[in-house]
Amino acid sequence: MNKKLVPEVGQPLDPPEPSPEVGRWSLTVASRTTRAHGRRTIAKLLDAAVSEFASYGYHGASMARIAKRAGTAHGTVYLHFADKDDLLSAAMTDVSRDLEPALGAVPPFEPGEEGLAVLNDWLNVVCQKFQAHGAMLQAVSEALQAGDHSRVSTDSLRRLAHNTALIADRVRATGASDVDPQIAALAIYALIEGANRTMFRGQLLVSTDELAIGLAEFIQRSLFGGESPKLRTPA
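Residues numbered from 1 in each chain as written. Predicted model: local features only at pLDDT ≥ 70, side-chain atom pairs only at ≥ 80, totals over all residues. Heavy atoms only, no water.

**Digging into the overall build of the chain**
And then number 1: The helix and strand inventory of the chain stands at ten helices and zero strands.
And then number 2: Sequence-ordered secondary structure for the chain, helices as α and strands as β, is α-α-α-α-α-α-α-α-α-α.
And then number 3: Residues classed as buried in the chain amount to 47% of the 235 residues present.
And then number 4: Pairs at least 24 apart in sequence give 63% of the contacts found in the chain among residues at least 6 apart.
And then number 5: Here the chain displays about 12200 Å² of accessible surface, and carbon together with sulfur accounts for 55% of that area. (Helix = DSSP H or I, 4+ residues; strand = E, 2+ residues; numbered from the N terminus. Buried < 20%, exposed > 50% of the residue type's maximum accessible area, 1.4 Å probe, protein only. Contact = heavy atoms within 4.5 Å. Areas by Shrake-Rupley, 256 points an atom, 1.4 Å probe, with all protein chains shown as cover.)

**Examining helix α5 (residues 84–104)**
And then number 1: The terminal C-alpha atoms of α5 lie 28 Å apart, and with 21 residues this matches the ideal 30 Å at 1.5 Å per residue to within 8%.
And then number 2: At Ser96, α5 is deflected by roughly 40 degrees, the largest bend along its length.
And then number 3: For α5, the buried fraction is high: 18 of the 21 residues fall into the buried class.
And then number 4: By the N-cap criterion, in which a side-chain oxygen at the helix start approaches the backbone nitrogen of a residue two or three places on, α5 is capped by Asp83, the distance to Asp85 being 3.2 Å. (Expected span 1.5 Å × (residues − 1). Bend = angle between axes of the 7 residues up to and from the residue. Polar contact = N/O pair within 3.5 Å; in protein donor to acceptor, adjacent residues only side chain to side chain.)

**Description of the nonpolar core**
And then number 1: One finds Trp25, Phe53, Phe81, Leu87, Leu88, Leu123 and Met136 to be the most contacted residues of the largest nonpolar core, which totals 61 residues.
And then number 2: Going through the elements one at a time, α2 (36–60), α3 (63–70), α5, α6 (112–132), α7 (134–145), α8 (151–173), α9 (181–200) and α10 (208–224) are the ones with two or more residues in this core.
And then number 3: Contacts of Leu88, omitting those with residues within four sequence positions, involve Phe53, Tyr58, Met136, Ala139, Val140 and Val152. (Core = buried A, V, L, I, M, F, W, Y, C linked by side-chain atoms within 4.5 Å.)

Okay, structure coming up:
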């Protein structure tokens, strides 16, 4: 029987509902302007950036095309964002607000059917978040691969350290003596992130449910050995 995931003490509560005027970008907009017209413009620029990064990736994206997609003048984008790195870093504030609580709700890793079901429930939520923000997360990954010291790269590494520390705590709690918790946590996060990136690009043709099940079975088998119980894909 699947358990409902409930945030533990100390985990962040669900974020407040975003303003209809700015959609999902309320934190970024609030940090950049207080004017109503400016709020709408920034929201349009951020929506345009999602489409631009999805089409061209981080390195191929153009601030001029982002402005054009948003229906604003080229110079307008620079009134709000210094450059592409600044825009992506700012947008990740709202992406992280949606993604981080899901990642932070990582459940205890346990063997057996019940443990697999709980792990699958968590991964299903996480995979849905990764897919919803696929364009921005892919852009961040490309910025990291460039090896520069951009703000978005620095922020991404900080989030990675936080999330892998949470996973490492769960691995450590299993008591597995032949597994290094930190290395296992990095491997688990890389598996989740890489599989979702491949799916977002259309290179892995499975449903979110199928992806979550496959990840859950692989992770449980890797931690506890032996044959993992099997889950059925929802009809």
